[in-house]
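Summary of structural features
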Amino acid sequence: VSRAIKPFAEPGRPPDWFSQKHCASQYSELLETTETPKRKRGEKGEVVETVEDVIVRKLTAERVEELKKIIKETQEKYRQLKKDAELIQAGHMDNRLEELCNEIMMWVI
């Protein structure tokens, strides 16, 4: 599992983050901190939610929220850049062109 998820890592993770030992300790911690679902009495063949199902549901919800936040930030940045581009094309930002070029150069480097 550790090798399979390594390509999906966000930047800044330490090199040993995906070691088997670290992944096992993280999974163990998840199991310990997750509340065990109570078994329900029901008909035979009824699917009972496991601890793993709870963990997957919780982590999926957290990731969806993270992605929504990233999308919102990206959309806001896009709107601002589009607005700046329109102002530049209209000639309203001629006095700030050098400053904007320096900002762009900082992003590129």
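All values reported here derive from a predicted model rather than from experimental measurement. (Residues numbered from 1 in each chain as written. Predicted model: local features only at pLDDT ≥ 70, side-chain atom pairs only at ≥ 80, totals over all residues. Heavy atoms only, no water.)

**Examining the overall build of the protein chain**
Helices and strands together make up the secondary structure of the protein chain, namely four helices and zero strands. For the protein chain, the N- to C-terminal ordering of α and β elements is α-α-α-α. Within the protein chain, the fraction of its 109 residues that count as buried is 8%. The contacts of the protein chain with a sequence gap of at least 6 include a subset with a gap of at least 24, amounting to 15%. For the protein chain, the exposed surface amounts to about 10200 Å²; the carbon and sulfur share of it is 57%. (Helix = DSSP H or I, 4+ residues; strand = E, 2+ residues; numbered from the N terminus. Buried < 20%, exposed > 50% of the residue type's maximum accessible area, 1.4 Å probe, protein only. Contact = heavy atoms within 4.5 Å. Areas by Shrake-Rupley, 256 points an atom, 1.4 Å probe, with all protein chains shown as cover.)

**What about the pattern of salt bridges?**
Enumeration over the complete set of coordinates arrives at four salt bridges. Residue Arg63 pairs with Glu66 through a salt bridge whose shortest N-O separation is 2.9 Å. Of this pair, Arg63 and Glu66 both sit in helix 3 (residues 51–90), three residues apart, which is roughly one turn of that helix. Look at Glu66 and you get partly exposed, because its relative accessible area is 41%. Linking Lys68 and Glu65 is a salt bridge whose minimum nitrogen-to-oxygen distance equals 3.9 Å. Of the two residues, Lys68 and Glu65 are both situated in helix 3; the distance of three residues between them amounts to about one turn of the helix. (Salt bridge = Lys/Arg side-chain N within 4 Å of Asp/Glu carboxyl O.)

**Quick look at the UniProt feature "coiled-coil region" (unreviewed entry) in the protein chain**
In the numbering adopted here, UniProt assigns the feature "coiled-coil region" (unreviewed entry) to residues 57–91. From the first C-alpha to the last, residues 57–91 spans 51 Å; its make-up is 97% helix and 0% strand. (UniProt positions renumbered as here; feature names shortened; annotations may be inferred.)

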